[in-house]
Amino acid sequence: MALKIKKVGVFVCHCGVNIASVVNVHEVVEAVSKLKEVSIAREYKFMCSTPGQDLIVKEIVEHSLDRVIVAACSPRLHEETFRRALARAGANPYFLQMVNIREQDAWVTVDKQKATEKAVALITAAVKRVQDHEPLPTREVAINKNVLIIGAGIAGIEASLQIADAGYTVYLIEREPSIGGHMAQFDKTFPTLDCAACILTPKMNSVGAHPNIKLMTRSEVVDISGYIGNYEVTVKKYAKYVDYDLCTGCGICMEKCPSKVPSEFDEGLIDRRAIYTLFPQAVPNKPVIDAAHCLYLTKGKCGVCQKICERNAINYEDTDKEEIVKVGSIIVATGYSFAKPEILKDYGYGTYDNVYTALEFERLNNAAGPTAGEVTLKDGRKPESVAIVHCVGSRDKNYYEYCSKVCCMYSLKFSHLVREKTGAEVFEFYIDIRSPGKSYEEFYNRIREEDVHLIRGKVARVTNIPVADEEKDKLVVIGENTLTGQRLRVPVDMVILSTGLACNDDVIPLSRLIKVATDKDGFFLEKHPKLAPVETASDGIFIAGCCAGPKDIPETVASAQAASSQALKLICKGSVEVPGATGYIDPDVCAGCKICISQCVYNAIEFDEKRNVSVINEVLCKGCGACAAVCPNGAAQARHFNSKQIFNEIDGVLE
Amino acid sequence: MVKEKTFAEEVQERSGQNITRCYLCLKCFVGCPMAPYMDIKPHTVIRMIQYGQKKELLKSRTIWLCVSCMTCGVRCPNGIDISAVMDTLKEMSVEEGLAHVSEKRIVVLHEEFLRSVKMWGRLHEMTFYMPLLFRTLDKVKALDLVSTFRSAVLLLSRLKLPFLPKQIKGIREIRKLYSKAYKTKGQMIGKE
Amino acid sequence: MEVSYYPGCTAHSTSVEYSMSIKSVCNALGIKLRELDDWNCCGGASAKSLSNLLGLALPARNIAQAQKRDLPLVIPCTGCFNAVKRAQDALENDPVMKEQIEDIVGFTYNGNLSVKAIHEVVLELVGLDRIREVIKKPLTSLKVVSYYGCQLVRNPQVVHMGDYENPMFFDEIVAALGAEALDWSYKTDCCGVDASLTHTEVANDRADKICSMAVEAGADCIITSCGLCQINLDMYQTGEGYRKIPVLYLSELMGIAMDLPNRNVWWGKHIVDPRELLKSRGLQ
């Protein structure tokens, strides 16, 4: 209890003209100087600047101040700055109270008198409150140096290699039978026209061979508990029905399997077997059995693969297993899916032959794809004319409002591949051409020079009903060249629909698991859109790649490297600082009703069965104060926001 | 066997301009002083070449209305000189016998100008204008006639139109030059 | 000093006052103009419109004559200037075209010919200091806009005249003569003269646009150095919605400042009479 009055120093900031143009700072300083608690009151143009902070430090030392008030901007901006200043002066950082006279005063009114009055009232409140501030300690908690990475597309692969090469253990979890993600499905990548597999597979092989990477394919994360530096992750390993210790990857089982299933990897354009690898360069290059389509597992028939396997690697008795891994940080790199908006059917998808989505066309182009890389129509002929439609379901309020960034570039890439492989005439219908990356404009120039017809105008419809001779047996794309004002009916053999990138279907349950929010489009929310793109509000959990928003491959790799550097930062520090402003439950007062546990969104409160009281885990606790609000008898308190401090503040305002 | 050139390829080669680079920013259209009078705007001309719409272009008024001020060329972000393309289209229009379709007066003016130069080595205004007028009487509007009359009066009264032509000494050289570079029937030499 | 001189077809007809004033100015500055022995028409717009080869061969014949002398070739008419520059550019940079032109004209290009526009004579061969020395009547009360037109400044890779959106070389000369060189936005907008003979409304539109904008900029007169631009603006401005404005040649302006004799003869050739303006400033 504070009996002695604490000497308070008040520092009022002008913030240039942000505060000073509305609040009469000089008047404020004069008014608060009259308060009995206030020892000194100063004003300064930019309190957060070095001389401003130095002023605070100097005054603390000179006047032996017990408490400090800084009346300036929002504490979200500079509370840390001023706390550090107090620390430099040798005072406990929690003896600071910031008063927001900018966002909550100068910026919300033009009435100078009212603004000045409010500033005085707020500072008075703070002066009263700060009397009861306690010197809260900060603690350090040791962290586990292992890292968990969810998702093994190019982002997950890159992040895992960075961390593993640094010498630390990575658990890389991938739900498909092989790593590689969507990039493994592509043929050539823009703007260099590098073969995707050629640049991806070396990295995939490095992952497969790396001693520090514990790769778990056909696995999913089902539970995460713990806190930064000390996570306990439950991984479900689905039954593969193939013993990887025995299997050599010879592939004979796949040849003999009689059960055919449309291949998801090839977008259903060709079949795979029930026992299969995802693609020829899969890592691990060993098959799994699709239990839902395996004749033996569903009907007890067949069993050819087991009979024919020379190494006896097939195990029909395999079951799902769970494994718990302990890690210090988690990188989420779960990637994206290709959007399949309803609008696709307006362009003939699913109705007419030879209308493809971008990913389907990508598979057609791939040398390991359904047509061995030949671009052909359904009847095997080479197309003489191809239309590529941009922005299908993108930049559209009715479907996906955002621009997916990469579709213009891959559409230009398609036109190049079509010209190269078939010599067909290519018509690209676009709204804008977005080519912002390195060498992207050059690529766009090149495509125009290859005599691709670029037409600015969104396609209205695709029809197969001809009105002229040249439209017979063709698909007719109906649109307009808005730049020349010409309405167009363009007869083509094939239509490619460029759709955007969307979030994965299961992003909501995943977001609950990792406790990272998503934006309205389903992409994970970063801590700050400009300054903290790979961190999240949950400390120790980072996001990389397209799960945080559409990106091209260079950006994805950069994002993965950024996330891995965040994880390595934690590992290097070795420990994490727990802030002092957490909650506290007084065990003598606590009745064990557990209401607080049900209210804590951070799962930070545990029940101590022996003592019959609730206990707060201070590492997990964010100091939100929800427990304090619901506690019926006041056992739970938010440190730095306790009742006495708050009542003092109210008194101060009403004065 | 060499594959036959498309119209676009031919125009590209003869004009020396990289037409495929056009991305229809319309800067040429906006800067062109003649655009308000053209039936096909400059940027549309480029697009029509890419589409192979040869006949429409060679029959248009546009190509003859271009005065080669080259404003389009210096402003095009892709470095395409549309006036050079227009010159090529003019030549092609003459080759295909389509020149007199839309802008007979302009084309006849050029023909008579060149005839006058072939005759004297230098332009003689009086004798060049008469055939122009008579060959295109059906296309002359009242406004043009009034204007011509006015111009004639103004210039003659200031003695700015010499009555007698002056033939240069080397007129034979000029005629030889013509026979090698230009046949009046509009056939081109040297377009291998 | 001595220069070769290519007058162009309009020098004795529609832009006769231009050649008169040039001769007078060069005489006063001690520049001897040696006309080419047997120059021919450069082909104008017509040659290059109907035949690319003819459009290069006709001006090339003048190059063939001029290169025989060891003198720079001065071409006052900017239309002819542009044609000769185009031919020279083809001869220097396009070996296939060079062969054809040389064959058609019957000469071999020796690459030693320097082609100059009239302002280059003033700025380079004479120099503004010398000009300032010979000024007797500084044009201090006169506000002038400089009209450069299109053929003098474009295409930059052929004519090499510097900035083609906002050139300043005429303005420098005008300022050296003591007049106020006004800034305006239509310095290099094409006057459309090639369409004027056949499309009166185009001629009127273009002349009106340029002249009215000059008046709006506060100019007393427009100066130009192209015979075709001058006659187009002079003859086809309607004065509808603006005061009619005299269009002078750069050499005529110099003639006033240098107080050269018989200027009245020049003024008599103009359509929009400059004498009222000049009298009011004491510059007739």
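Residues numbered from 1 in each chain as written. Chains lettered and ligands numbered in written order. Predicted model: local features only at pLDDT ≥ 70, side-chain atom pairs only at ≥ 80, totals over all residues.

Trainee: Could you give an account of the overall build of chain A, with specific residues and numbers?
Mentor: On a plain count of helices and strands, chain A comes out with 18 helices and 34 strands. By its C-alpha atoms, chain A is 95 × 70 × 40 Å across when sized along the principal axes. Considering chain A as a whole, with its 655 residues, one finds that 44% of them fall into the buried category. (Helix = DSSP H or I, 4+ residues; strand = E, 2+ residues; numbered from the N terminus. Buried ≥ 20, exposed ≤ 12 C-beta atoms within 10 Å, placed from the backbone.)

Trainee: Tell me about the nonpolar core, and please be specific about residues and values.
Mentor: Grouped together as the largest cluster of nonpolar side chains are 148 residues, with contacts concentrated most on Ala57, Ile75, Ile222 and Ile223 of chain C. Looking at this core, the element that brings in the most residues is helix H3 (residues 52-66) of chain C, giving 9 residues. Setting aside its immediate chain neighbours within four residues, Ile223 of chain C contacts Val144, Ser146, Tyr147, Phe170, Val174, Leu248, Tyr249, Leu250 and Leu253 of chain C. Formed by 126 residues, the second largest nonpolar core is a distinct cluster that contains Tyr171, Val327, Leu359 and Phe524 of chain A. (Core = buried A, V, L, I, M, F, W, Y, C linked by C-beta atoms within 7 Å. Contact = placed C-beta atoms within 7 Å.)

Trainee: Can you lay out the arrangement of the chains for me, pointing to particular residues and giving the numbers?
Mentor: In this assembly 2 pairs of chains touch, with chains B and C having more contacts than any other pair. Here chain A and chain C are not in contact; the least distance found between their C-alpha atoms is 23 Å.

Trainee: Any chance you could break down the packing of helix H4 (residues 78-93) of chain C against helix H5 (residues 95-105) of chain C for me, citing the residues and the numbers?
Mentor: All names here are of chain C. Where H4 contacts H5, the axes come no closer than 6 Å and their chain directions differ by 115°. H5 is crossed by H4, and the crossing has left-handed handedness. Within the contact between the two elements, H4 uses Ala87, Ala90 and Leu91 and H5 uses Met97, Lys98 and Ile101. Along the lines of polarity and charge, the residues of the contact of H4 with H5 split into 5 nonpolar, no polar and 1 charged. (Axes fitted to C-alpha atoms, helices over the stretch in contact; angles between N-to-C directions. Left-handed = near helix turned anticlockwise from the far one by under 90°. Nonpolar A, V, L, I, M, F, W, Y, C, P; charged D, E, K, R; others polar.)

Trainee: Requested: an account of the interface of chain B and chain A, with residues and values cited.
Mentor: With 10 residues of chain B in contact, the opposing surface of chain A contributes 9 residues. Its residues assigned to classes, the side of chain B that touches chain A shows 3 nonpolar, 5 polar and 2 charged.

Trainee: Could you give an account of the domain arrangement of chain A, naming the residues involved and the relevant values?
Mentor: Each assigned domain of chain A is listed here: domain 1 (8-138), domain 2 (140-237 + 320-336 + 506-575), domain 3 (239-319), domain 4 (338-502) and domain 5 (583-638). Each of domain 1 of chain A and domain 5 of chain A was reduced to a C-alpha centroid, and the two centroids are 32 Å apart. (Domains from an automatic or database assignment.)

Trainee: Before we move on, can you summarise the packing of helix H1 (residues 7-15) of chain B against helix H7 (residues 82-95) of chain B with the specific residues and values?
Mentor: Residue and element names in this part refer to chain B. Running from N to C, H1 and H7 cross one another at 115°; their axes reach a closest spacing of 9 Å. Between H1 and H7, the angle is such that the two are roughly perpendicular. Relative to H7, H1 is oriented so that their crossing is right-handed. Along its contact with H1, which presents Val11, Arg14 and Ser15, the element H7 presents Ala84, Val85 and Thr88. Of the residues belonging to the contact of H1 with H7, the class tally is 3 nonpolar, 2 polar and 1 charged. (Parallel < 35°, antiparallel > 145°, perpendicular 65-115°, else oblique.)

Trainee: Summarise the interface of chain C and chain B; cite the residues concerned and give the values.
Mentor: Taken together, the contacts link 44 residues of chain C with 48 residues of chain B. Every element with two or more residues in the side of chain C that touches chain B is listed here: helix H2 (44-50), H3, H5, helix H10 (193-196), helix H11 (200-216) and helix H14 (263-269) of chain C. Across the side of chain C that touches chain B, the residue classes tally to 20 nonpolar, 15 polar and 9 charged.

Trainee: Run through the environment of Ile143 of chain A, naming residues and quoting values.
Mentor: Residues and elements named next belong to chain A. Within the secondary structure layout, Ile143 lies in the loop between strand E5 (139-142) and strand E6 (147-150). Sequence separation of Ile143 and Ser329 is 186 residues, and the distance between their C-alpha atoms is 8.7 Å. Beyond its immediate stretch of four places on either side in the chain, Ile143 contacts Gly229, Asn230, Gly328, Leu570, Gly574, Ser575 and Val576.

Trainee: Requested: an account of the environment of Ile343 of chain A, with residues and values cited.
Mentor: All names here are of chain A. Among the secondary structure elements, Ile343 is positioned in the loop between strand E19 (337-338) and strand E20 (355-357). Note: C-alpha distance between Ile343 and Val507 (164 residues apart in sequence) is 22 Å. The residues contacting Ile343, other than those within four sequence positions of it, are Val392, Gly393 and Tyr399.

Trainee: Lay out the domain arrangement of chain C in plain terms, naming residues and giving numbers.
Mentor: Residue and element names in this part refer to chain C. Looking at chain C, the domain boundaries give domain 1 (2-116) and domain 2 (137-280). A separation of 23 Å is found between the C-alpha centroids of domain 1 and domain 2. Contact residues are listed per partner, giving 23 residues for domain 1 and 23 residues for domain 2. Only helix H1 (16-29) and H4 provide two or more residues apiece to the side of domain 1 that touches domain 2. By residue number, the principal contributor to the side of domain 1 that touches domain 2 is H1, which donates 9 residues. Broken down by class, the residue content of the side of domain 1 that touches domain 2 amounts to 10 nonpolar, 9 polar and 4 charged.

Trainee: Quick rundown of the sheet that holds strand E7 (residues 221-224) of chain C? Include the residues and the values.
Mentor: Residue and element names in this part refer to chain C. Taking strand neighbours across the sheet as the criterion, the 4 strands line up as E6-E5-E7-E8 in an open arrangement whose pairing is parallel. In this open sheet, the two strands that pair with only one neighbour each are strand E6 (180-181) and strand E8 (247-249). Here strand E5 (residues 143-146) runs beside E6; their pairing, made up of 2 bridges, is parallel. Each bridged residue has a counterpart across the sheet, and for Val144 the counterpart in E6 is Ala181. (Pairing = 2+ DSSP bridges.)

Trainee: Lay out helix H13 (residues 250-257) of chain C in plain terms, naming residues and giving numbers.
Mentor: Residue and element names in this part refer to chain C. Counted residue by residue, H13 has 8 buried out of 8 residues, so it is predominantly covered. Within the sequence span of H13, burial applies to Leu250, Ser251, Glu252, Leu253, Met254, Gly255, Ile256 and Ala257. Buried residues along H13 sit against H1, helix H6 (118-126), helix H9 (169-176), E7, E8 and H14. Note on H13: the residue one or two positions beyond its end, Asp259, has a positive phi of about 55°.

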